[in-house]
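Analysis of the macromolecular model
Given next are the chains, with one letter for each unit.
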Amino acid sequence: MLNIILMGPPGAGKGTQATAIVDAFHLPHISTGDMFREAIAQGTPVGLKAKEIIAAGNLVPDEITIELVKERLSRPDCEHGYLLDGFPRTIPQAEALDKLGPEIGRPVSLVIDITVPEEELIRRIAGRRVCPSCGASYHVDSMKPAVEGICDRCGHELIQRKDDNAESFAVRLQNYYASTQPLVDYYKEQGLYHCFDGMVGKANLEKAINALLEEQGQ
Ligand code: AMP
């Protein structure tokens, strides 16, 4: 069973690889960032609470995030596997998932971590454009869509995320090192951790991840 966690710092290429993985392996793509952005757009109570926190680059409190994932992961479409993108991001979130997964018969089966040096993360985030409809990511110089400003995948207009500015990015990176990086050892101890070099290029990274998933999905 492919019950996958995709992790890595902001700008590592999680969103891009997530899109490729869910298309290739027909898995539901559970991005907590996308879920929060949707909640904000719809003005739900969760969206109202998360709006300022996300814009500043901080993490949404664990209780809110865990509840959101509990509900999503329990839906029928996750029965045959799932891809968690951007969750867990803290040790308490990972512990909650370790409890929930087995309870609902959907324990995590592997963790994919993408590593990229900090200078490159800064370059990627500064030029990033995203599709607010399907979540696909582009870059103004190095990953342009076929038609400027339009998503190749779904035709929606591309936007720059509010938290993709230098100030919020610095906070996000700091939070990543303080709260998310400890998950590396956490999942190494569980024997679930697989690390990938995010500098090998989009297609090569996709190939390397696919090889692992094909082997694990047997
Ligand atoms: P992302 O699209 O994954 O970069 O997430 C965007 C923002 O949503 C993050 O910077 C956080 O503010 C919030 N967020 C997403 N996932 C989580 C999570 N697992 N825990 C706390 N906050 C999150």
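Here goes a summary of the coordinates provided. (Residues numbered from 1 in each chain as written. Predicted model: local features only at pLDDT ≥ 70, side-chain atom pairs only at ≥ 80, totals over all residues. Heavy atoms only, no water.)

1. Focus: the overall build of the protein
Each helix and strand counted, the protein has nine helices and seven strands in total. Computed over C-alpha atoms, the radius of gyration of the protein comes to 16 Å, within 12% of the 17 Å expected from 2.2 N^0.38 for 218 residues, which places it in the range of a compact globule. Each principal axis of the C-alpha distribution contributes one length, and for the protein these read about 45 × 40 × 30 Å. Looking at the protein as a whole, 47% of its 218 residues are labelled buried. Pairs at least 24 residues apart make up 72% of the contacts formed inside the protein by residues separated by at least 6 positions. Accessible surface for the protein amounts to roughly 10900 Å². Of this, 52% is attributable to carbon and sulfur atoms. Both charge centroids of the protein, one from 22 positive and one from 31 negative side chains, sit 4 Å from each other. (Helix = DSSP H or I, 4+ residues; strand = E, 2+ residues; numbered from the N terminus. Rg over C-alpha atoms; globule rule 2.2 N^0.38 Å. Buried < 20%, exposed > 50% of the residue type's maximum accessible area, 1.4 Å probe, protein only. Contact = heavy atoms within 4.5 Å. Areas by Shrake-Rupley, 256 points an atom, 1.4 Å probe, with all protein chains shown as cover. Lys, Arg positive; Asp, Glu negative; His and termini not counted. Charge placed at Lys NZ, Arg CZ, Asp CG, Glu CD.)

2. Thoughts on the nonpolar core
One finds Leu-73, Leu-84, Leu-97, Val-111 and Tyr-187 to be the most contacted residues of the largest nonpolar core, which totals 29 residues. Mapped onto this core, the elements with two or more residues apiece are β1 (3-7), α2 (32-42), α3 (45-56), α4 (62-73), β3 (82-85), α5 (91-103) and α8 (183-189). Top contributing element to this core by residue count: α4, with five residues. If sequence neighbours within four positions are ignored, Val-111 has contacts with Ile-5, Met-7, Tyr-187, Leu-192, Tyr-193 and His-194. Counting residues in hydrophobic clusters, the runner-up holds 23 residues, among them Leu-110, Val-116, Ile-125 and Leu-173. (Core = buried A, V, L, I, M, F, W, Y, C linked by side-chain atoms within 4.5 Å.)

3. Topic: empty space enclosed by the protein
A complete count under the given rule lists one cavity of 30 Å³ or more for this structure. Taken as a whole, the largest cavity holds about 40 Å³ of empty space. When grouped by side-chain class, the residues that make up the lining of the largest cavity number four nonpolar, three polar and two charged. (1 Å grid on protein atoms, 1.4 Å probe; cavity = no way out; pocket = protein on both sides within 12 Å on 5 of 7 lines; lining within 4 Å. Points joined across faces, edges and corners; volume = space filled by probe spheres on them. Nonpolar A, V, L, I, M, F, W, Y, C, P; charged D, E, K, R; others polar.)

4. Description of the site of the ligand
Taken together, 16 residues are adjacent to the ligand, and Thr-32, Arg-37, Asn-58, Arg-89 and Gln-93 come closest. Within the backbone of Val-60, an N or O atom sits 3.1 Å from a nitrogen atom of the ligand. The side chain of Arg-161 places a nitrogen or oxygen atom 3.0 Å from an oxygen atom of the ligand. Against a free-state accessible area of 480 Å², the protein chains account for coverage of 96% of the ligand. For the shell around the ligand, the element with the most residues is α2, which contributes four residues. Broken down by class, the residue content of the shell around the ligand amounts to five nonpolar, six polar and five charged. (Near = heavy atom within 4 Å. Polar contact = N/O pair within 3.5 Å; in protein donor to acceptor, adjacent residues only side chain to side chain.)

5. A short note on the packing of aromatic side chains
Think of a pair of aromatic rings as described by two things: how far the centres are apart, and how the planes are tilted against each other in angle. In total, this model carries two aromatic pairs according to the counting rule given. With a centroid separation of 5.8 Å and an interplanar angle of 70°, the aromatic rings of Tyr-176 and Tyr-177 are classed as edge-to-face. Using a relative accessible area of 5% as the deciding quantity, one classes Tyr-176 as buried. We classify Tyr-177 as partly exposed; its relative accessible area is 37%. (Phe/Tyr/Trp six-rings, centres within 6.5 Å; stacked < 30°, edge-to-face > 60°.)

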